[in-house]
Amino acid sequence: MNLTTFLIYAPAMQLNGKRVLVIGGGGGGIGRATTDALGNEGAAVLVADLDPARAEEAAQAVRTRGGTAYPISGDVRSATDIEAMVAGAVDKLGGLDVLVTVVGGQVAFVPAVKLHEMADEDWDTIYEVNLRYVARAVRAALRVFLDQGTGGAIVSVGSVTGFMAAPAQAAYGVMKAGILSLARTVAAEYARDGIRMNVAAAGAIATAVANANVAAEVVEEIPAGRFGRSEEVARAVVYLASDAASYVTGQQLVLDGGVSVRGPFG
Ligand SMILES: NC(=O)c1ccc[n+]([C@@H]2O[C@H](COP(=O)([O-])OP(=O)(O)OC[C@H]3O[C@@H](n4cnc5c(N)ncnc54)[C@H](O)[C@@H]3O)[C@@H](O)[C@H]2O)c1
């Protein structure tokens, strides 16, 4: 293949030149797949994770394929760490074009109980790792985007639990619903600044966490007949982060194999 043929047929790098902070990008599941996909699409990535080894491994994998990525460790429960992640992206990457938030979940040590049995401190734990940090990171990123005057994109990994009730996961659902509400506010307040925010709302994705917590018979309820793959969520994150989604804001893109649209009959 000569150079001209290559240039015509090579897949476009959807995020070429974009400077991206991905919070929770070191993970074995959606986080890592997202970092891989962002790097493959030409983004320069700062990978933030609680586990420094995971952050480094994810960044190294991008670099091995010829991309640009750096690790940073931090705890999303800390306001200082969130500020440091955003400032670190500006410092390492020379600015910030895209914020991706991945960290979240129904924390393993929080008992899965009905709403009336839920303790205040458990509610707060779920809040801290699912919504409070997202709001902090979004506010910090907005300040950078507005200072730069370049616009920007924010993508948060959400869940079908944000709009479908999941028994014994009340707080998790409320937090994921809150992320979509944030996206709608960002859309309404900042679209004229070229700033967009959207949610990639996942159904049951085959990660270590999901495999451990979700019974095999759940698969029977999924019209697609299988769990989703982390890469399938990552592709949606890439799309929403890219200029291909330049007129999409305040929305959620649902990746659930049909779970949320299936009726009770048949
Ligand atoms: N796995 C699923 O089936 C599923 C379904 C719907 C939505 N989601 C959402 O997808 C996202 C990712 O979930 P996942 O299970 O794929 O996880 P993941 O494997 O992508 O891991 C996330 C990363 O977050 C890091 N992390 C955890 N706590 C942290 C903290 N306090 N500070 C900084 N980093 C921290 C972990 O080290 C890990 O690397 C979550 O928001 C979750 O709610 C997952």
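One can find the structure itself at the top, above this paragraph.
Here the structure is a predicted model, which means the values were calculated and not measured.

Chemist: Explain the layout of surface pockets to me, please; I cannot follow it from the model alone.
Modeler: Take a probe with the size of a water molecule and roll it over the atoms, and the empty space left behind shows itself. Each pocket or cavity is described by its volume, and for the second largest pocket that value is around 160 Å³. Lys18, Asp97, Val98, Thr150, Gly151, Gly152, Ala153, Gly194, Arg196, Ala241, Asp243 and Ser246 together form the lining of the second largest pocket. A breakdown of the residues in the lining of the second largest pocket according to their chemical character gives 3 nonpolar, 5 polar and 4 charged.

Chemist: Could you clarify how one ought to interpret the pattern of salt bridges in this entry?
Modeler: When the charged atoms of two side chains lie near each other, side chains of opposite charge can form a pair. This structure, assessed with the given rule, holds 11 salt bridges. A salt bridge links Arg32 to Glu57; the shortest N-O distance between them is 3.5 Å. Highlighted residues: Arg32 in helix H2 (residues 30-40) and Glu57 in helix H3 (residues 52-64), separated in sequence by 25 residues. The partner of Asp75 in a salt bridge is Arg77, with the nearest N and O atoms 2.8 Å apart. One continuous salt-bridge network, built from bridges that share partners, spans Arg32, Asp36, Glu57 and Arg65.

Chemist: Can you walk me through the site of the ligand in this structure?
Modeler: Lining the immediate surroundings of the ligand are 29 residues, of which Gly27, Gly31, Asp49, Val102 and Tyr172 lie closest. A distance of 3.1 Å separates an oxygen atom of the ligand from a polar atom in the side chain of Arg54. Bound to the protein, the ligand loses 86% of the 830 Å² it would expose on its own. Mapped by element, the contributors of at least two residues to the shell around the ligand are H2, strand E5 (152-159) and helix H6 (170-190). Element by element, the count of residues in the shell around the ligand is highest for E5, at 3 residues.

Chemist: For this particular structure, what's the right way to read the sheet that holds strand E1 (residues 19-23)?
Modeler: The strands making up a sheet are joined through hydrogen bonds of the backbone, oriented either antiparallel or parallel. Spatially, 7 strands are ordered E3-E2-E1-E4-E5-E6-E7 in an open sheet, and the strand pairing comes out parallel. A strand with exactly one partner marks an edge of an open sheet, and here the two such strands are strand E3 (68-73) and strand E7 (252-255). Looking at each pair of strands side by side, their axes are set apart by 15 degrees on average, direction ignored. Bridge count for strand E6 (residues 195-202) against E7 is 4 bridges, and the pairing is parallel. Pairing of Ala200 across the sheet is with Leu253, part of E7. Contacts from H3 reach strand E2 (44-49) and E3, with the element oriented near 175 degrees to E3. On the sheet, H6 packs against E5, E6 and E7 and is oriented at approximately 155 degrees with respect to E6.

Chemist: For this particular structure, what's the right way to read the side chain of Thr161?
Modeler: With respect to the helices, strands and loops of the structure, Thr161 is situated in the loop between E5 and H6. A polar atom in the side chain of Thr161 sits 2.8 Å from the side chain of Ser159. Dropping the residues within four chain positions of it, Thr161 is found in contact with Ala166, Gln169, Tyr172 and Gly173.

Chemist: Would you explain the pairing of E6 in this entry?
Modeler: In the case of a regular strand, side chains alternate between the two sheet surfaces. Counted residue by residue, E6 has 8 buried out of 8 residues, so it is predominantly covered. By the alternation rule, side chains of E6 split into Ile195, Met197, Val199 and Ala201 and Arg196, Asn198, Ala200 and Ala202, which are all buried. The handedness of the E5 to E6 crossover, carried by H6, is right-handed.

Chemist: When you look at the nonpolar core in this model, what are you seeing that I'm missing?
Modeler: Considering soluble globular proteins, one finds that nonpolar side chains tend to be buried as a cluster. Among the nonpolar cores identified, the biggest contains 41 residues, and Leu21, Ile23, Leu96, Leu99, Ile126 and Val138 are the most heavily contacted of them. Of all the elements in the fold, those that place two or more residues in this core are E1, E2, helix H4 (79-93), helix H5 (120-148), H6 and E6. Considering every element that reaches this core, the biggest residue donor is H5, with 12 residues. Dropping the residues within four chain positions of it, Val138 is found in contact with Leu99, Ile154, Val186 and Met197.

So, how was this worked out
- Residues numbered from 1 in each chain as written.
- Predicted model: local features only at pLDDT ≥ 70, side-chain atom pairs only at ≥ 80, totals over all residues.
- Heavy atoms only, no water.
- 1 Å grid on protein atoms, 1.4 Å probe; cavity = no way out; pocket = protein on both sides within 12 Å on 5 of 7 lines; lining within 4 Å.
- Points joined across faces, edges and corners; volume = space filled by probe spheres on them.
- Nonpolar A, V, L, I, M, F, W, Y, C, P; charged D, E, K, R; others polar.
- Salt bridge = Lys/Arg side-chain N within 4 Å of Asp/Glu carboxyl O.
- Helix = DSSP H or I, 4+ residues; strand = E, 2+ residues; numbered from the N terminus.
- Near = heavy atom within 4 Å.
- Polar contact = N/O pair within 3.5 Å; in protein donor to acceptor, adjacent residues only side chain to side chain.
- Areas by Shrake-Rupley, 256 points an atom, 1.4 Å probe, with all protein chains shown as cover.
- Pairing = 2+ DSSP bridges.
- Axes fitted to C-alpha atoms, helices over the stretch in contact; angles between N-to-C directions.
- Contact = heavy atoms within 4.5 Å.
- Buried < 20%, exposed > 50% of the residue type's maximum accessible area, 1.4 Å probe, protein only.
- Right-handed = clockwise from strand over helix to strand, strands pointing away.
- Core = buried A, V, L, I, M, F, W, Y, C linked by side-chain atoms within 4.5 Å.

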